[in-house]
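Reading the structure
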Amino acid sequence: MFDDAWEEKFCDEVEHALPNNDKGGRIIITTRTMHFAEYFKGSFLVHVYKLQHLPPNKAWELFCKKAFRFEPYEQCPGELEDMPCSSF
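Bear in mind that the values here come from a model prediction, so they are computed numbers and not experimental data.

Bringing the overall build of the protein chain into the picture now. From N to C terminus, the protein chain includes 4 helices and 0 strands. Secondary structure elements of the protein chain occur, N-terminal to C-terminal, as α-α-α-α. Expressed as a percentage of its 88 residues, the buried residues of the protein chain come to 15%. Looking at the protein chain alone, contacts between residues at least 24 apart form 58% of all its contacts between residues at least 6 apart.

Of the volumes computed, that of the largest pocket is approximately 1600 Å³. Take the lining of the largest pocket: its biggest share by element is 4 residues, from helix H2 (residues 34-40). Per-class residue counts for the lining of the largest pocket are 17 nonpolar, 11 polar and 6 charged.

Atomic detail in the predicted coordinates should be set aside for any region of low pLDDT. A residue-level look at the protein chain finds 89% of positions with pLDDT of 70 or above and a mean pLDDT of 79. Across the protein chain, helix H3 (residues 56-67) holds the top mean pLDDT of 88, while helix H4 (residues 78-81) sits lowest at 72.

The next point concerns the pattern of salt bridges. In this structure the tally under the stated criterion is 3 salt bridges. Two residues, Glu 61 and Lys 58, come together in a salt bridge whose shortest N-O distance is 3.7 Å. Here Glu 61 and its partner Lys 58 are both found in helix H3, 3 residues apart, which amounts to about one turn of the helix. Glu 61 sits in the partly exposed class, given a relative accessible area of 38%.

What follows covers the nonpolar core. Counting 6 residues, the largest nonpolar core is built from Ala 5, Phe 10, Cys 11, Val 14, Phe 36 and Phe 40. Elements represented by at least two residues in this core include exactly helix H1 (8-17) and H2. Filtering out sequence-adjacent residues up to four positions away, Phe 10 remains in contact with Phe 2, Ala 5, Ile 29, Phe 36 and Phe 40.

Conventions and cut-offs
Residues numbered from 1 in each chain as written. Predicted model: local features only at pLDDT ≥ 70, side-chain atom pairs only at ≥ 80, totals over all residues. Heavy atoms only, no water. Helix = DSSP H or I, 4+ residues; strand = E, 2+ residues; numbered from the N terminus. Buried < 20%, exposed > 50% of the residue type's maximum accessible area, 1.4 Å probe, protein only. Contact = heavy atoms within 4.5 Å. 1 Å grid on protein atoms, 1.4 Å probe; cavity = no way out; pocket = protein on both sides within 12 Å on 5 of 7 lines; lining within 4 Å. Points joined across faces, edges and corners; volume = space filled by probe spheres on them. Nonpolar A, V, L, I, M, F, W, Y, C, P; charged D, E, K, R; others polar. pLDDT = per-residue confidence, 0-100. Salt bridge = Lys/Arg side-chain N within 4 Å of Asp/Glu carboxyl O. Core = buried A, V, L, I, M, F, W, Y, C linked by side-chain atoms within 4.5 Å.

The following block contains the structure:
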């Protein structure tokens, strides 16, 4: 898996690093730009999945679950609730 790739030369480097033997290997690449995802179609069988942004309240909920997973109910601690970043 390659996360947040964005340079086209990366595609060329990956193409030369992987064997072309029809054995069915798979890689996952994440990117923020659709242009980069489309560039891969020239060299590989590609399935592009365009993810939608989470609504602000769901993004905050996911952040809290990850950042505060050891807090009761995975909630942001009260002393941090009034900070500007918590008002997405």
